[in-house]
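What the coordinates show
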Amino acid sequence: MRKLPFTAAAGSVLAGSVVAGSLLAGSLALAQQKPAVAPGVADAAIKAAFPGAPEQFVPRLAQDETMKQCSATRNDPPKAMAEEIQKREKATIEYPADGTFIGDWKKGEALAQSGYGMRFTDYPPARANGGNCYACHQISKQEVSYGTLGPSLYQYGKLRDFKEAEAKAVYEKIYNSHAALPCSNMPRFGTNKVLTIEQIKDAVALLMSPDSPVNKD
């Protein structure tokens with residue numbers, strides 16, 4: 001095998017690779033360390049970042065008990081705490097008065113596409129809040145732009161045989177995701193009054209209705 005000469009350029013590339021590797025290792029090590037931020041400093045910084053926020057927006061900067069526990073454990077609470085969170089959040093779920101969990105999938109699709117609401121620029125509100133579901137999930141095959149923070153929901157109902165129990169389960173997950181998965185990244189849409197019960201039923205319909213584009217090939 002013919003050996004190539006070790007040139008100055010090659011040496012520079014090698015040296016650069018070593019330095020880059022060291023920087024990457026250092027960054028990973030720092031990422032694994034707990035942040036050395038004094039209590040209250042982060043909260044003060046957040047409040048300072050929104051000096052013009054309306055009065056209704058300010059309370060959202062305060063963490064409730066679940067958020068405090070999830071922050072303290074980096075979203076990985078021990079079993080006992082996880083069970084405590086689930087029990088507390090499950091108790092906040094309000095169920096539809098008519099006992100049905102599936103609404104209008106067409107309204108649910110519009111809801112999934114809308115990112116309006118809950119921003120400090122949306123006060124006073126000019127229209128109903130959206131769910132902005134595509135920001136985190138693949139839902140229908142027709143939508144080519146979507147986030148991947150959450151799992152794909154394509155053919156969600158079809159994969160679950162459109163069972164009524166599954167419709168109730170997805171209603172609960174949308175209403176309060178922490179009841180299903182403690183410290184979930186998903187917003188607690190019902191508990192935090194982001195969406196109404198009827199809107200949540202429409203979102204359930206988008207996932208669970210056989211006629212929804214979500215469940216089409």
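A brief report on the enclosed structure follows.

1. Comments concerning the overall build of the protein chain
Across its full length, the protein chain holds eight helices and zero strands. Beginning at the N terminus, the succession of helices and strands in the protein chain can be written as α-α-α-α-α-α-α-α. With 217 residues in all, the protein chain has 33% of them scored as buried. Excluding contacts between residues fewer than 6 apart, the proportion of contacts in the protein chain whose partners are at least 24 apart in sequence is 60%. Of the roughly 13,800 Å² that the protein chain leaves accessible, carbon and sulfur atoms contribute 60%.

2. Some remarks on the side chain of H137
By the secondary structure assignment, H137 is in the loop between α5 (105-113) and α6 (156-159). Relative accessible area serves as the criterion here: at 13%, H137 is assigned to the buried category. A distance of 2.7 Å separates the side chain of H137 from the backbone oxygen of P151, its partner in a polar contact. Ignoring sequence-local partners within four residues, the contact set of H137 consists of Y146, G147, G150, P151 and L153.

3. Quick word on the nonpolar core
Residues I139, V204 and L207 are the most contacted members of the largest nonpolar core, which totals 25 residues. Mapped by element, the contributors of at least two residues to this core are α5, α7 (164-175) and α8 (197-208). In terms of residue count, α8 provides more of this core than any other element does, six residues in total. Setting aside residues no more than four positions away along its own chain, L207 makes contact with I139, L153, Y156, G157, V170, V214 and N215.

Scoring rules and cut-offs
Residues numbered from 1 in each chain as written. Predicted model: local features only at pLDDT ≥ 70, side-chain atom pairs only at ≥ 80, totals over all residues. Heavy atoms only, no water. Helix = DSSP H or I, 4+ residues; strand = E, 2+ residues; numbered from the N terminus. Buried < 20%, exposed > 50% of the residue type's maximum accessible area, 1.4 Å probe, protein only. Contact = heavy atoms within 4.5 Å. Areas by Shrake-Rupley, 256 points an atom, 1.4 Å probe, with all protein chains shown as cover. Polar contact = N/O pair within 3.5 Å; in protein donor to acceptor, adjacent residues only side chain to side chain. Core = buried A, V, L, I, M, F, W, Y, C linked by side-chain atoms within 4.5 Å.

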